[in-house]
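Examination of the molecular architecture
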Protein chains: 2
Amino acid sequence: MIIMHHLRKSRAIFMTAFLEELGVDYELRLYDRNEVRRAPPELREVHPLGKSPVIEDQGMTIAESGAITTYLIDTYDTEHKFAPARDGGAEYFHYLQWLHYAEGSMGSPMLLNLLTRREDPKPPIVTGFTKGETALHLGYMEAALEGQDYILGNDFSGADVSCGYMANGAKQLKLLENYPNVDAYASRLTGRPAFQRAFGKTGG
Amino acid sequence: MIIMHHLRKSRAIFMTAFLEELGVDYELRLYDRNEVRRAPPELREVHPLGKSPVIEDQGMTIAESGAITTYLIDTYDTEHKFAPARDGGAEYFHYLQWLHYAEGSMGSPMLLNLLTRREDPKPPIVTGFTKGETALHLGYMEAALEGQDYILGNDFSGADVSCGYMANGAKQLKLLENYPNVDAYASRLTGRPAFQRAFGKTGG
């Protein structure tokens, strides 16, 4: 059975919600952040980076959200409900860009917003970078979501796992006043029954 | 023919080097950073994020380094020289984790080192995060490279495109004094004939 290593108050909630979307059996192992809000050392025994989400399945330990999502889809989504078939040409590579985009491109400015949220005054170079990049990425996602419910269209996909984490993070940081599509997207994702079940089982 | 949009002094050099590794024909379009060291607005006409590398091929425009690498391998590396076959089980997912790792996990602390390299004093929260995460990621890569030349073993792979950019960035930022394996890895990659040809054609 899949073992899901879930750190509370982290991006793990979106992966646990994805396990619920897939409808697979899994064993949850829950971790709390330590007193300085970092992942606890026990997670380093699971994977040397000591982060979450990490899954174990079929003798493998898999980290990195995009790799875990791909593994789960390849292994359990045999009907291609959550991603286009790999031979799908443009449709597949459109999906793949969004799969890489969230952690690879939007992740850094979102992290900078998080790290500097209580600094006053904000560090000048970081703030200069962060403001422009945040607007760029939220504007990009806002445009992509125009007239559609999810990042690939009107159906939830594996690309929404990481994109959802970023959108919801931006919502928590109160960055979405001018981005109604992203705001509605974050609410739509956290309102899904699978997310609610994951939240109920993990506490967030 | 593949069109490669290459911003000088960026991660694009590792993708152009990968095109050289693949031995495919491609047309180079070169861009210089503007007066504030950012990508020029012309790149926004290629892709809304206005970044590089971006490729165009077979009617598609593809951004995100991991997605571009995957596209190039799927399309042109038919002998699986640069990545395990997709049905390769553990070997494939080991590759996939490294493919996602560089931009998804190591990218943020490397960016923070870059952005704050001239700030004095360093912003406290950012520095607290950056120091620990930099040591974590360079230590992880150092251990992975023990006794092997490239990130997957003794052969260069698609996972070295982004991992190479991160390792070489750390070298440029003079962060590798205690990480001899990462330092040698960066030099090994930039010393490859393909990289040297890409450098010669682009100016970096």
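Residues numbered from 1 in each chain as written. Chains lettered and ligands numbered in written order. Predicted model: local features only at pLDDT ≥ 70, side-chain atom pairs only at ≥ 80, totals over all residues. Heavy atoms only, no water.

Our next topic: the overall build of chain A. Along the backbone of chain A there are 8 helices and 4 strands. Secondary structure elements of chain A, listed N to C terminal, follow the sequence β-α-β-α-β-β-α-α-α-α-α-α. The C-alpha radius of gyration computed for chain A amounts to 17 Å, which stays within 12% of the reference 17 Å derived for 204 residues, consistent with globular compactness. When its C-alpha atoms are laid out on the principal axes, chain A stretches across 50 × 45 × 25 Å. Residues classed as buried in chain A amount to 57% of the 204 residues present. Surface summary for chain A: the accessible area is close to 8900 Å², and the carbon and sulfur share equals 48%. Charged side chains in chain A number 21 positive and 27 negative. The centres of these two groups are separated by 8 Å. (Helix = DSSP H or I, 4+ residues; strand = E, 2+ residues; numbered from the N terminus. Rg over C-alpha atoms; globule rule 2.2 N^0.38 Å. Buried < 20%, exposed > 50% of the residue type's maximum accessible area, 1.4 Å probe, protein only. Areas by Shrake-Rupley, 256 points an atom, 1.4 Å probe, with all protein chains shown as cover. Lys, Arg positive; Asp, Glu negative; His and termini not counted. Charge placed at Lys NZ, Arg CZ, Asp CG, Glu CD.)

Right, let's get into the relation of the copies chain B and chain A. Aligned on chain A, chain B shows an RMSD of 0.0 Å; the corresponding rotation is 180° and the shift along the axis is 0.0 Å. A rotation of that kind, with that shift, is consistent with a two-fold axis. Residue by residue, 100% of the interface of chain B is reproduced at the interface of chain A, so both copies engage with the same surface. (Least-squares fit on C-alpha atoms with pLDDT ≥ 70 in both. Contact = heavy atoms within 4.5 Å.)

What follows deals with the interface of chain B and chain A. Each side of the interface is counted separately: chain B has 45 residues, and chain A has 45 residues. Surface buried jointly by chain B and chain A totals about 4100 Å² across both partners, of which 65% is contributed by carbon and sulfur atoms. Broken down residue by residue, the surface that chain B buries against chain A is led by Arg86(B), Phe93(B) and His100(B), which jointly contribute 16%. Taken together, the connections running from chain B to chain A amount to 6 salt bridges. Taken together, the connections running from chain B to chain A amount to 13 residue pairs in polar contact (both at pLDDT 80 or more). Mapped onto the side of chain B that touches chain A, the elements with two or more residues apiece are strand E4 (60-62), helix H3 (65-76), helix H4 (90-115) and helix H5 (124-144) of chain B. Per element, the largest residue contribution to the side of chain B that touches chain A is 16 residues, and it comes from H4(B). Here the residues of the side of chain B that touches chain A are counted per class, giving 23 nonpolar, 13 polar and 9 charged. (Buried area = accessible area lost by both parts, 1.4 Å probe. Salt bridge = Lys/Arg side-chain N within 4 Å of Asp/Glu carboxyl O. Polar contact = N/O pair within 3.5 Å; in protein donor to acceptor, adjacent residues only side chain to side chain. Nonpolar A, V, L, I, M, F, W, Y, C, P; charged D, E, K, R; others polar.)

Moving on, we come to a positive patch on the surface. All names here are of chain A. Among the surface-exposed residues, Arg33, Arg37, Arg117 and Arg118 lie close enough to one another that they form a single positively charged patch. Secondary-structure assignment places Arg118 in the loop between helix H4 (90-115) and helix H5 (124-144). A relative accessible area of 59% means that Arg118 is categorised as exposed. (Patch = residues over 30% accessible without salt bridge, like charges linked within 9 Å, V, L, I, M, F, W, Y side chains within 5 Å.)

The side chains of a regular strand alternate, residue by residue, between the two faces of the sheet. Residue and element names in this part refer to chain B. With 3 bridges joining them, strand E1 (residues 2-7) and strand E3 (residues 54-57) adopt antiparallel strand pairing. Of the residues in E3, the one forming a bridge with Met4 is Ile55. Sheet topology note: the E3/E4 ladder contains 3 bridges and is antiparallel. Bridged to Asp57 within E4 is Met60. Taken together, E3 and the strand that follows it, E4, pair antiparallel across an intervening segment of 2 residues, in which Gln58 is found at a positive phi of about 50°. (Pairing = 2+ DSSP bridges.)

With that settled, the discussion passes to the nonpolar core. Soluble globular proteins tend to pack their nonpolar side chains together in the buried interior. Counting residues in hydrophobic clusters, the biggest one holds 110 residues, and the most contacted among them are Leu72(A), Met141(A), Leu72(B) and Met141(B). Dropping the residues within four chain positions of it, Leu72(B) is found in contact with Ile2(B), Met15(B), Phe18(B), Leu19(B), Leu22(B), Ile55(B) and Asp77(B). Ranked by size, the runner-up nonpolar core spans 10 residues in total, among them Phe129(A), Leu111(B), Leu115(B) and Val126(B). (Core = buried A, V, L, I, M, F, W, Y, C linked by side-chain atoms within 4.5 Å.)

Moving on to the domain arrangement of chain A. All names here are of chain A. Split into domains, chain A comes out as domain 1 (2-82 + 193-202) and domain 2 (90-190). Just the C-alpha atoms count here: the centres of domain 1 and domain 2 sit 20 Å apart. Contact with domain 1, which involves 16 residues of that partner, is made by 16 residues of domain 2. Summed over both sides, the interface between domain 1 and domain 2 buries roughly 1300 Å², with carbon and sulfur atoms accounting for 61% of that surface. (Domains from an automatic or database assignment.)

All names here are of chain A. Axis separation between H4 and H5 bottoms out at 8 Å; the angle between their running directions is 140°. Remark: the crossing between H4 and H5 carries left-handed chirality. Contacts from Trp98, Tyr101, Ser105, Met106, Pro109, Met110, Leu112 and Asn113 of H4 reach H5 at Val126, Phe129, Thr130, Glu133, Thr134, His137, Leu138, Tyr140, Met141 and Ala144. Taken together, the residues that form the contact of H4 with H5 break down as 12 nonpolar, 5 polar and 1 charged. (Axes fitted to C-alpha atoms, helices over the stretch in contact; angles between N-to-C directions. Left-handed = near helix turned anticlockwise from the far one by under 90°.)

Take Thr70(B): it is sitting in helix H3. Since its relative accessible area comes to 7%, Thr70(B) is described here as buried. Leaving out residues up to four positions away in the same chain, Thr70(B) has contacts with Arg86(A), Phe93(A), Leu96(A) and Leu99(B).

Before going further, it helps to examine the sheet that holds strand E1 (residues 2-7) of chain A. Within a sheet, neighbouring strands are paired by backbone hydrogen bonds and run either parallel or antiparallel to one another. Residues and elements named next belong to chain A. An order of E2-E1-E3-E4 is seen for the 4 strands of this open sheet, with the pairing classed as mixed. The open sheet has two free edges, formed respectively by strand E2 (26-31) and strand E4 (60-62), since each of these has just one partner strand. Along the sheet, successive strands turn relative to each other by an average axial angle of 20°, direction set aside. Strand direction decides the pairing type here: E1 and E2, joined by 6 bridges, are parallel. Across the sheet, His6 pairs through a bridge with Leu30, a residue of E2. With respect to the sheet, helix H3 (residues 65-76) is in contact with E1, strand E3 (54-57) and E4, its orientation differing from that of E3 by roughly 30°.

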